[in-house]
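Chain by chain, the residues run as shown.
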Amino acid sequence: MKVLLFATLKERAGAPRIDVRLDGATTVAAFRALVAAQHPTLGPLLPQALVAVNQEFAFEEDAISPTDEVAIFPPVSGG
Amino acid sequence: MKVLLFATLKERAGAPRIDVRLDGATTVAAFRALVAAQHPTLGPLLPQALVAVNQEFAFEEDAISPTDEVAIFPPVSGG
Amino acid sequence: MTTQPEYFDITTEPIDLNALQRRVTTPLDGSVVAFVGTVRGMTPGAREPVTERLEYEAYRPMARAKLAQVAVEMRQRFDDIHGIALVQRIGDMAVGEVVVAVVVSCGHRGGGAFDAARFGIDRLKQIVPVWKKETRPDGSSWVEGDYTPRPGD
Amino acid sequence: MTTQPEYFDITTEPIDLNALQRRVTTPLDGSVVAFVGTVRGMTPGAREPVTERLEYEAYRPMARAKLAQVAVEMRQRFDDIHGIALVQRIGDMAVGEVVVAVVVSCGHRGGGAFDAARFGIDRLKQIVPVWKKETRPDGSSWVEGDYTPRPGD
C-alpha cells in the first residue's frame, strides 16, 4: 500500500510517499514495526511519529487495512 | 465664548455651536446654569450632559475661563 | 522599526483590517488580535429589534486624544503588547459595515493581546467622544450612552 | 442568510482579513474577533533568536477536516457565536506575513467571540496537520510540535 509522509518523515525518505507491504489487516502498533523493518531510514523517527488512518488520528490498537489511506508525520507545528 | 455642541445637544440647538456670555472664570457647575439661562431650549438636556474643557472631561468644581475650548455633549455612545 | 507602533484615527473612510494588521505587526510579533465592531441589523429580544443604519459623529480632536489615552492605559495593564491601532469610523453606515477596530500585537498567542483588545474596546466605548444615531423602520433616535466619566478619564 | 456561516481553507494565497470579516458577519453580529498568527522574526531569549522565513506544509484534506472539527468544538463551548472562519496559509513566508487566522462573530462584544477565538487557535495548533520549517541565519530545521493527539482528537 502507498503511505503518505509529511515534514521530517518526507524529508528523511526523500519522497512524499512510500510503499509498505501489508498482508491483510493489522494494528497501528504492528504497522509501525512493519514500516521500520521495510524502511530502516525512517526507524529513528517512527517512535514519536503520529499515524493517521483515513484522515483521523489513529492509536496503537486501532486497525489498518490495505485499502485505508494511511499517513505518517511528526506532531503538528502549524498555526 | 463659542461652545461646541454634539449629538442631541447639537440637534436641539439646531447648530453645532452656540454663544455663551461668560464674565471671567467660573466653574463647570455655574457654567451649566449660565447655558441653561441663556439657551432655555437646551435646559432639559443639561443635567445629564457632559462638559469637556480643552478636550478633557470636566467636573462640577473644575474651572472654565473664556479662552478655553468648551464642549457640551451627552454620554458617549460610539464603538 | 519601533517595537511599539501606534495608529489612531477618526475617519469617514472604510476601515481596512489588512492595513491595520500590517501597521501593528513588528518583527517581534507572532500574534495579532483584532476586535471589530460592526453595524448589527437585528437584536433579538430588544424592544426595537431591527436597525437599518447608524450615523456616527465625533468631537474629532478630543476623540483622537482619547484614543491615544486608551492606548496608554492598555500598555499600563498589558506590558507585553507591542503595536496598537485604534480606529473609529464616523458618518453613515449600513448593517454589516465595520465601525470600529482595536488591533493589538504581541509576541505569542498566550500574551496580552486578547485581554488588551477586550479592555481597549470597553474603554473606547467609555471615554471616546463619539455618538450614534440609529435609523429603524419606525424612525431614528440617538443611542444613549451609559457611562459617566470620572476624574482621570 | 445563515446565522452560522463557516469558512475553512488551507491555502497558498495571502490571507485577506477584510474578506474573512465579511464572511463571518451576519445581521445579528455587532462584534467580530480575529486572531492572526504572523511570522515572528525575532524571539528574544530564545536559543536561536532570529527567524528569516518559515515554510509550511499540510496534509491538506485532513487539515481541512480538522479545521471543521475545531469549529464544531468552538460551537460546543461558546453557544452564542455565529460565524467562524479558520484559514491556514501554507508555503514559504517571510517575517511579518499572516500565516493563520481565526475569525469569529457574535452579537455583542461581551459575548463568546474573544474566548472562542483563543480556544480556536489553541486547538488548531494541536490537531490540524500542518508543519513548519524555520530558516535562520545558520540554517534551517523543522519546528517540533509538542502535542500528542488523544482519542477524539
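Our subject is the structure listed above.
Our subject in this report is the structure included herewith. (Residues numbered from 1 in each chain as written. Chains lettered and ligands numbered in written order. Predicted model: local features only at pLDDT ≥ 70, side-chain atom pairs only at ≥ 80, totals over all residues. Heavy atoms only, no water.)

1. Quick look at the packing of aromatic side chains
What counts, and what does not: Side-chain rings of Phe, Tyr and Trp, where Trp is taken by its six-membered ring, are said to pair if the distance between their centres is within 6.5 Å; with planes under 30 degrees apart they count as stacked, over 60 as edge-to-face, and otherwise as tilted. Going along the chain from the N terminus, every DSSP run of H or I of four or more residues is numbered as a helix, and every run of E of two or more is numbered as a strand. Partly exposed residues are those whose accessible area sits between 20% and 50% of the maximum for their type, while under 20% is buried and over 50% is exposed, using a 1.4 Å probe and protein chains only.
Scanning all chains against the criterion turns up 16 aromatic pairs over all chains. Judged by centre distance (6.3 Å) and plane angle (65 degrees), the ring pair of Phe-6 of chain A and Phe-73 of chain A falls under edge-to-face. Highlighted residues: Phe-6 of chain A in the loop between β1 (2-5) and α1 (7-13) and Phe-73 of chain A in strand β7 (residues 70-73), separated in sequence by 67 residues. Residue class for Phe-73 of chain A comes out buried when judged on its relative accessible area of 0%. One aromatic cluster is present, formed by Phe-6, Phe-57 and Phe-73 of chain A together with Tyr-59 and Trp-131 of chain D through successive ring pairs.

2. Thoughts on the arrangement of the chains
Definition in use: Pairs of residues are marked as contacts when any of their non-hydrogen atoms sit within 4.5 Å.
Ranking the three pairs of chains in contact by number of contacts places chains C and D first. You won't find any contact between chain B and chain D; their C-alpha atoms come no closer than 10 Å.

3. Points about the nonpolar core
Put simply, the rule reads: Each nonpolar core is a collection of buried residues, namely Ala, Val, Leu, Ile, Met, Phe, Trp, Tyr and Cys, held together in the definition by side-chain atoms within 4.5 Å.
Among the nonpolar cores identified, the biggest contains 96 residues, and Phe-73 of chain A, Phe-73 of chain B, Met-74 of chain C together with Met-74 of chain D are the most heavily contacted of them. Contact partners of Met-74 of chain D, with chain neighbours within four places excluded, come to Ile-81, Ile-84, Leu-86, Val-102, Val-104, Ala-116, Phe-119 and Gly-120 of chain D. In this structure, Leu-20, Val-24, Val-36 and Ala-85 of chain D belong to the second largest nonpolar core, which totals 24 residues.

4. Examining the sheet that holds strand β3 (residues 53-58) of chain D
Residue and element names in this part refer to chain D. Using the following cut-off: DSSP calls a pair of strands paired once it identifies at least 2 bridges connecting them. Lines fitted to the C-alpha atoms define the axes, with helices restricted to the stretch that makes contact. Angles between their N-to-C directions range from 0 to 180 degrees.
The strand order across the open sheet formed by four strands is β5-β3-β7-β8, and the pairing between neighbours is antiparallel. The sheet terminates laterally at β5 (91-94) and β8 (139-142), the two strands that pair on one side only. Averaged over all neighbouring strand pairs, the angle between strand axes comes to 20 degrees, with direction disregarded. Sheet topology note: the strand β7 (residues 130-136)/β8 ladder contains four bridges and is antiparallel. Counterpart to Arg-136 in the pairing with β8 is Gly-139.

5. Let's talk about the interface of chain D and chain A
Here is the rule: Should a side-chain nitrogen of Lys or Arg be within 4 Å of a carboxyl oxygen of Asp or Glu, the pair is scored as a salt bridge. N or O atoms closer than or at 3.5 Å make up a polar contact, with two conditions inside protein: a donor-capable atom paired with an acceptor-capable one, and, for residues adjacent in sequence, both atoms drawn from side chains. Three classes are used: nonpolar for Ala, Val, Leu, Ile, Met, Phe, Trp, Tyr, Cys and Pro, charged for Asp, Glu, Lys and Arg, and polar for all others, with Gly counted as polar.
At the interface, 31 residues of chain D touch 21 residues of chain A. Counting the contacts that link chain D with chain A gives three salt bridges. Across the pair Glu-11 of chain A and Lys-133 of chain D runs a salt bridge whose closest N-O atoms are separated by 2.4 Å. Summed over the shared surface of chain D and chain A, the number is 15 residue pairs in polar contact (both at pLDDT 80 or more). For the side of chain D that touches chain A, the secondary-structure elements that each account for two or more residues are β3, α2 (60-77), β6 (98-106), α3 (113-127) and β7 of chain D. Broken down by class, the residue content of the side of chain D that touches chain A amounts to 18 nonpolar, four polar and nine charged.

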